[in-house]
Amino acid sequence: GNSVTQMEGPVTLSEEAFLTINCTYTATGYPSLFWYVQYPGEGLQLLLKATKADDKGSNKGFEATYRKETTSFHLEKGSVQVSDSAVYFCALTPPGGSYIPTFGRGTSLIVHP
Amino acid sequence: EPEVTQTPSHQVTQMGQEVILRCVPISNHLYFYWYRQILGQKVEFLVSFYNNEISEKSEIFDDQFSVERPDGSNFTLKIRSTKLEDSAMYFCASTRDRDQPQHFGDGTRLSIL
């Protein structure tokens, strides 16, 4: 079946540090890949997506590149802010059928001033 | 920007009781979803709903659960005879087109005592 594995949190960083949150997936074929963000007390919001191999999704300074060879979609940001503190979820939707996303467990990011 | 709204934000219920979680999807959306997130675990798909019927459901969505769109705006999740393990965050989501990213509400935290 399809699955998403994310690095364990929490990830704790100082402001302006570089962020990487690892995500790997298991799926048949070429799924679409997503990062969602959940700010405290809120629902999930789509942060970025990539729908084919070597695509790079980007938004709000965050980036992730779809790597078919390593089945990965790691989230990166060059300089985090306190306001980036949230839980980040990696997700996939399988090709050619259901559009229901399969989520990872989520990784909590805490950014200190 | 239009939002998916969920009520209540927190529901506390005695084990064995029935509970109804309410959602108002974005007004021109056609596809509706419920997810749950047990504390510290993955966001799990429960059910999708389109054209006044269930279009897809997971193994979690057994006879204890039901969904309804009683009028043109609300979308409800009913849980009968609640169990302790039903304690979770329940998210509603909606989308206009099935292949577009879903818009999530802020969730209802359900606590079963």
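Residues numbered from 1 in each chain as written. Chains lettered and ligands numbered in written order. Predicted model: local features only at pLDDT ≥ 70, side-chain atom pairs only at ≥ 80, totals over all residues. Heavy atoms only, no water.

Participant: Explain unusual backbone geometry residue by residue, including any values.
Facilitator: Between A:G9 and the following residue, A:P10, the backbone shows a cis peptide bond with an omega angle of -5°. Tracing the chain through its elements places A:P10 in the loop between β1 (3-6) and β2 (11-14). With omega at -10°, the peptide bond leading from B:T7 into B:P8 counts as cis. Its place among the elements puts B:P8 in the loop between β1 (5-7) and β2 (10-13). You will see that B:N51, though not glycine, has its phi angle at about 55°, which is positive. Among the secondary structure elements, B:N51 is positioned in the loop between β5 (43-50) and β6 (53-57). The exposed category is assigned to B:N51, whose relative accessible area is 59%. We note that B:N52 has phi near 65°; this positive angle belongs to a residue other than glycine. As for its placement among the helices and strands, B:N52 is situated in the loop between β5 and β6. (Helix = DSSP H or I, 4+ residues; strand = E, 2+ residues; numbered from the N terminus. Buried < 20%, exposed > 50% of the residue type's maximum accessible area, 1.4 Å probe, protein only.)

Participant: Outline the interface of chain B and chain A, supporting the account with residue identities and numerical values.
Facilitator: Taken together, the 18 residues of chain B in the interface contact 18 residues of chain A. Of the roughly 1,600 Å² buried between chain B and chain A on both sides combined, carbon and sulfur atoms contribute 60%. If you look at where chain B meets chain A, you find 0 salt bridges. There are 1 residue pair in polar contact (both at pLDDT 80 or more) connecting chain B and chain A. Mapped onto the side of chain B that touches chain A, the elements with two or more residues apiece are β4 (31-37) and β5 of chain B. Tallied by class, the residues present in the side of chain B that touches chain A amount to 7 nonpolar, 6 polar and 5 charged. (Contact = heavy atoms within 4.5 Å. Buried area = accessible area lost by both parts, 1.4 Å probe. Salt bridge = Lys/Arg side-chain N within 4 Å of Asp/Glu carboxyl O. Polar contact = N/O pair within 3.5 Å; in protein donor to acceptor, adjacent residues only side chain to side chain. Nonpolar A, V, L, I, M, F, W, Y, C, P; charged D, E, K, R; others polar.)

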